[in-house]
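For reference, the chains in residue letters:
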Amino acid sequence: MSRESNAGAQTPKNPGWAGETGEFTHLTEADVRGTAYVGRRPPEGGHPSGACSYPYQRAERDPEAPLFEGPYRGRLEKILSRYPEKRAALLPTLAMAQEIRGHISPETMAEVARVLDLSPAYVRGVATFYTMYNKRPVGKYLIQVCTNVACNLCGADEVMAAFLDHIGVEPGEISEDGRFTVVEAECLGACGFPTAVQINERYFENVTPEDVPAILASLGASPEDASRGGEAAVPAGIGSEGDAEQD
């Protein structure tokens, strides 16, 4: 194609995962994301090789739940078996604690410190270093909008504003119904599909302000909160509330 004809061609919007299957055009979104075969993983951790990589931000959690009892004790033992010393298991242990309770409180840090034979100060230093550990409660759905360079250039600020406006919160606040918290995130590693949004464990790609009502509706928000007077079709690849909570 000549430079002249190429310059005149209209560049389509990047379709996200659906346009990145290469020769494997038969693959569905569930195939690409892995949800077709991962399913719900058992709380005890399944095979030890995968026990360290479980999700740590689920919709269902209990801030008062015991951390290392029942099946979760079994998962802890599997996590510890993968490392030469207990200290090395700190990150996946914190991840499991957040999965269970939803955030990492000072009391939770102290419990993790005891089980790993570490000082509370050491655990706190690590937990506060990483932004993926919530140090205070968040809504059932933690909405992280990437506002780093690639997404910022493609309208991330407008997407962030749309989430805040439709839900009626400020950044970091929990909505009145307890369902949503919206925060800015540094690079989510999906620069090819800006604006990227992560809600709990799931990525939403190529998000625009117009997509926000449908995304919120797919998570169970009321039509009034989600749409503010207008209906929006659910964007391709956005499923039901159950899909959004997929482990």
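Owing to the predicted nature of the structure, the values given are computational and were not obtained by experimental measurement.

**A word on the sheet that holds strand 4 (residues 202–204)**
The strands making up a sheet associate through backbone hydrogen bonding, with each pair oriented either parallel or antiparallel.
Now for step 1: The strand order 2-1-3-4 describes an open sheet built from four strands, whose pairing is mixed. Single-partner strands in this sheet number two, and they are strand 2 (180–185) and strand 4. Mean inter-strand twist for the sheet, computed between neighbouring axes without regard to direction, equals 25°.
Now for step 2: Where strand 1 (residues 141–146) meets strand 2, six bridges bridge the pair, whose relative direction is parallel. Across the sheet, Ile143 pairs through a bridge with Val182, a residue of strand 2.

**Side note on the packing of aromatic side chains**
Now for step 1: Considering all chains together, one arrives at three aromatic pairs under this definition.
Now for step 2: Plain terms: the ring middles of Phe129 and Tyr130 are 4.9 Å apart, the flat faces sit at 85° to each other, and that makes the pair edge-to-face.
Now for step 3: For Tyr130, a relative accessible area of 30% gives the class partly exposed.
Now for step 4: Ring geometry for Tyr130 against Tyr133: centres 6.2 Å apart, planes inclined by 90°, an arrangement best described as edge-to-face.
Now for step 5: Residue Tyr133 is classed as buried on the basis of its relative accessible area, which comes to 5%.
Now for step 6: Among the aromatic residues, those joined into a ring-pair cluster are Phe129, Tyr130 and Tyr133.
Now for step 7: Across from the ring centre of Phe204, 5.3 Å away, lies the NZ or CZ of Arg202, which sits over that ring.

**Describing the environment of Gly139**
Now for step 1: As for its placement among the helices and strands, Gly139 is situated in the loop between helix 7 (120–127) and strand 1.
Now for step 2: Discounting residues that sit within four places of it in the chain, Gly139 has contacts with Arg61, Ile174, Gly178, Arg179, Phe180 and Thr181.

**Things to note about the pattern of salt bridges**
Now for step 1: In the structure shown here, the tally under the stated rule is seven salt bridges.
Now for step 2: The salt bridge partner of Glu99 is Arg75, with a shortest N-O separation of 2.8 Å. Taken as a pair, Glu99 in helix 5 (residues 90–101) and Arg75 in helix 4 (residues 71–80) lie far apart in primary sequence, 24 residues in all.
Now for step 3: For Arg75, a relative accessible area of 1% translates into the label buried.
Now for step 4: Across the pair Lys86 and Asp117 runs a salt bridge, and its minimum N-O distance is 3.1 Å. Of this pair, Lys86 sits in the loop between helix 4 and helix 5 while Asp117 sits in the loop between helix 6 (106–115) and helix 7, placing them 31 residues apart in sequence.
Now for step 5: Residue class for Lys86 comes out partly exposed when judged on its relative accessible area of 36%.
Now for step 6: Using a relative accessible area of 58% as the deciding quantity, one classes Asp117 as exposed.
Now for step 7: Sharing partners across several salt bridges, the network here consists of Arg58, Arg75 and Glu99.

**A few points about the confidence of the model for the protein chain**
Now for step 1: In the predicted model, the protein chain carries a mean pLDDT of 81, and the fraction of residues at 70 or more is 77%.
Now for step 2: Predicted confidence is poor over residues 1–19, with pLDDT under 50, and the contacts of this stretch with residues over four places away or in other chains come to 20 contacts.
Now for step 3: When the criterion is pLDDT under 50, residues 223–247 qualifies, and its contacts beyond four places in sequence or with other chains add up to 54 contacts.

**Observations regarding a negative patch on the surface**
Now for step 1: A cluster of like negative charges, contributed by Asp157, Glu158, Glu184 and Glu186, occupies part of the molecular surface.
Now for step 2: Mapped onto the secondary structure, Glu158 falls in helix 9 (residues 156–167).

**Details of the packing of helix 5 against helix 6**
Each pair of packed helices gets described by two things: the angle between the helix axes and the distance between those axes.
Now for step 1: It is at 11 Å that the axes of helix 5 and helix 6 come closest, and there the two elements cross at 135°. Put simply, helix 5 runs oblique to helix 6. Remark: the crossing between helix 5 and helix 6 carries right-handed chirality. Within the contact between the two elements, helix 5 uses Leu90, Thr93, Leu94, Ala97 and Arg101 and helix 6 uses Thr108, Glu111 and Val112.
Now for step 2: Partitioned by chemical class, the residues of the contact of helix 5 with helix 6 number four nonpolar, two polar and two charged.

How each quantity is defined
Positions within a chain are numbered from 1, following the residues in the order the chain's sequence is written. With pLDDT at 70 or above as the cut-off, local features in this predicted model cover only qualifying residues; side-chain atom pairs require 80 or more to be listed or tallied, and sums for whole chains, interfaces and linings still use all residues. Heavy atoms from the whole structure form the basis of all side-chain values; hydrogens and water molecules are not counted. Pairing between two strands is assigned when DSSP locates at least 2 bridges connecting them. Every helix listed is a DSSP run of H or I at least four residues long, and every strand listed is a run of E at least two residues long, numbered separately from the N terminus. In this analysis, axes come from line fits to C-alpha atoms, helices being fitted only over the stretch in contact, and the angle between any two N-to-C directions falls in the range 0 to 180 degrees. Here is the rule: rings of Phe, Tyr and Trp (six-membered ring for Trp) pair when centre to centre is within 6.5 Å. Planes less than 30 degrees apart are stacked, more than 60 are edge-to-face, and the remainder are tilted. Exposure categories follow from relative accessible area, calculated using a 1.4 Å probe and restricted to protein chains: below 20% of the type maximum is buried, above 50% is exposed, and the middle band is partly exposed. By definition here, charges over rings are those cases where NZ of Lys or CZ of Arg is within 6 Å of the ring centre and within 35 degrees of the ring normal. Two residues form a contact once any of their heavy atoms are found within 4.5 Å. Every case where a carboxyl oxygen of Asp or Glu lies within 4 Å of a side-chain nitrogen of Lys or Arg is listed as a salt bridge. Confidence per residue, as judged by the predictor, is encoded in pLDDT with a range of 0 to 100. Patches here: salt-bridge-free residues with over 30% relative accessible area, like charges joined within 9 Å, nonpolar side chains (Val, Leu, Ile, Met, Phe, Trp, Tyr) joined within 5 Å. In short, Shrake-Rupley with a 1.4 Å probe defines the accessible areas, and a residue's cover is counted only from the protein chains shown. We treat Lys and Arg as the positive residues and Asp and Glu as the negative residues; His and chain ends play no part in the count. Note that the charge is assigned to NZ on lysines, CZ on arginines, CG on aspartates and CD on glutamates. For classification purposes, an angle smaller than 35 degrees is called roughly parallel, one larger than 145 roughly antiparallel, one from 65 to 115 roughly perpendicular, and anything else oblique. Note: crossing handedness is left-handed where the near helix turns anticlockwise from the far helix by less than a right angle, and right-handed where it turns clockwise. In this count, Pro and Cys sit with the nonpolar residues alongside Ala, Val, Leu, Ile, Met, Phe, Trp and Tyr, while Asp, Glu, Lys and Arg are called charged and the others, Gly among them, polar.

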